[in-house]
Amino acid sequence: QSLMQTEQFLSTHPEWEQIKMQNNAFAARKVSEDNDKTQQDIADFLGISQTMYARYERGANELPIRHLIKLCQYYHVSADYFLGLSKYINKKGKS
């Protein structure tokens, strides 16, 4: 199943946008704190401003899929964890 099909499926949930933004914000903040990274460090990695990254962390702006993928790869965490679909950080069920 492609990423686009998955996103289309999830977007049918009536509260998806609010859930997604809250979970992304929590996970982004937790993972960056756990790895001693500043907002500026991550913003530089993503090629965006620190202000925009701060908006993602607060849930004020939706995190684009391309940034979600890059952050999961950077931190070696699953997208499920970032989206709040799993309490486990990686695919092997380890916290």
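My aim in this report is to walk through the structure given alongside it, one point at a time. (Residues numbered from 1 in each chain as written. Predicted model: local features only at pLDDT ≥ 70, side-chain atom pairs only at ≥ 80, totals over all residues. Heavy atoms only, no water.)

Focus on the packing of aromatic side chains
Argument step 1. By the definition in use, this model includes two aromatic pairs.
Argument step 2. Pairing Phe45 with Tyr74 gives two aromatic rings, centres 4.4 Å apart and planes at 40 degrees, and the pair type is tilted. Residue Phe45 is found in helix 3 (residues 39-46), and its partner Tyr74 is found in helix 5 (residues 65-75); the two are separated by 29 residues along the sequence.
Argument step 3. Classification of Phe45 as partly exposed rests on a relative accessible area of 32%.
Argument step 4. By relative accessible area, which is 29% here, Tyr74 ends up partly exposed.
Argument step 5. Where Tyr74 meets Tyr75, the ring centres are 5.0 Å apart and the plane angle is 80 degrees; that geometry is what we call edge-to-face.
Argument step 6. Above the face of the Phe45 ring, Lys70 is positioned so that its terminal group lies 5.2 Å from the ring centre. (Phe/Tyr/Trp six-rings, centres within 6.5 Å; stacked < 30°, edge-to-face > 60°. Helix = DSSP H or I, 4+ residues; strand = E, 2+ residues; numbered from the N terminus. Buried < 20%, exposed > 50% of the residue type's maximum accessible area, 1.4 Å probe, protein only. Lys NZ or Arg CZ within 6 Å of the ring centre and 35° of its normal.)

No statement about biological role is implied by the geometric values presented.
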